[in-house]
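# Descriptive structure summary
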Amino acid sequence: MALCDNEQGLHQRDEQRRRLIYTLIGTAKLNGVDAEAWLRHVLANIADHPVNRVDEFLPWHCAGRLAPAYKHSASQRCDAIIGQFDGSRRR
C-alpha cells in the first residue's frame, strides 16, 4: 500500500511541475518573448536579484531585453524543454 501511495504522490508532483512549466512557457509566448531565452535569463540572474523585485523577471517586463519569439523555432525548443520534464519520471 505505501508504495502505491508514494507512486501516486510522485505522479501528482510531476503533474504540478508539468503544469508550472507549461504555464511559464505559455506566459512567455503570449508576451512575444522567446521562452528559452527568458528562462535562461531568469535562471542566470535570479540568485543575485533582490526578492522584493522578483516581479522584474515577469515576461512582460523582460520583453524589451530578450529576443522576440519566432513561432516555429521557439515552439520547437519549448516542446523539447517540456519533453525533458515530461519524461523525467516515467519509466
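Residues numbered from 1 in each chain as written. Predicted model: local features only at pLDDT ≥ 70, side-chain atom pairs only at ≥ 80, totals over all residues. Heavy atoms only, no water.

Each helix and strand counted, the chain has four helices and zero strands in total. Sorting the 91 residues of the chain into buried and exposed places 22% on the buried side. For the chain, the share of sequence-separated contacts (at least 6 apart) that also reach a separation of at least 24 residues comes to 68%. Of the roughly 6,800 Å² of accessible surface on the chain, a fraction of 56% belongs to carbon and sulfur atoms. (Helix = DSSP H or I, 4+ residues; strand = E, 2+ residues; numbered from the N terminus. Buried < 20%, exposed > 50% of the residue type's maximum accessible area, 1.4 Å probe, protein only. Contact = heavy atoms within 4.5 Å. Areas by Shrake-Rupley, 256 points an atom, 1.4 Å probe, with all protein chains shown as cover.)

Enumeration over the complete set of coordinates arrives at four salt bridges. Ionic pairing is found between arginine 18 and glutamate 15, a salt bridge with its closest N-O pair at 2.4 Å. Here arginine 18 and its partner glutamate 15 are both found in helix H1 (residues 2–30), three residues apart, which amounts to about one turn of the helix. Residue classification places arginine 18 among the buried positions, given a relative accessible area of 13%. The class of glutamate 15 is partly exposed, set by a relative accessible area of 23%. (Salt bridge = Lys/Arg side-chain N within 4 Å of Asp/Glu carboxyl O.)

Turning to its location among the elements, histidine 41 is positioned in helix H2 (residues 35–45). A relative accessible area of 18% means that histidine 41 is categorised as buried. Apart from residues no more than four positions distant in its own chain, histidine 41 is found in contact with Phe57, Cys62, Arg65 and Leu66.

On to the confidence of the model for the chain, then. Confidence in the prediction for the chain averages 78 pLDDT; 68% of positions are at 70 or higher. Mean pLDDT across the secondary structure elements of the chain bottoms out at helix H4 (residues 71–86), with 61, and peaks at H2, with 89. (pLDDT = per-residue confidence, 0-100.)

Assignment of secondary structure puts cysteine 62 in helix H3 (residues 59–62). When its relative accessible area of 0% is taken as the criterion, cysteine 62 is described as buried. Cysteine 62 sits 21 residues away from histidine 41 along the chain, and the two C-alpha atoms are 8.9 Å apart.

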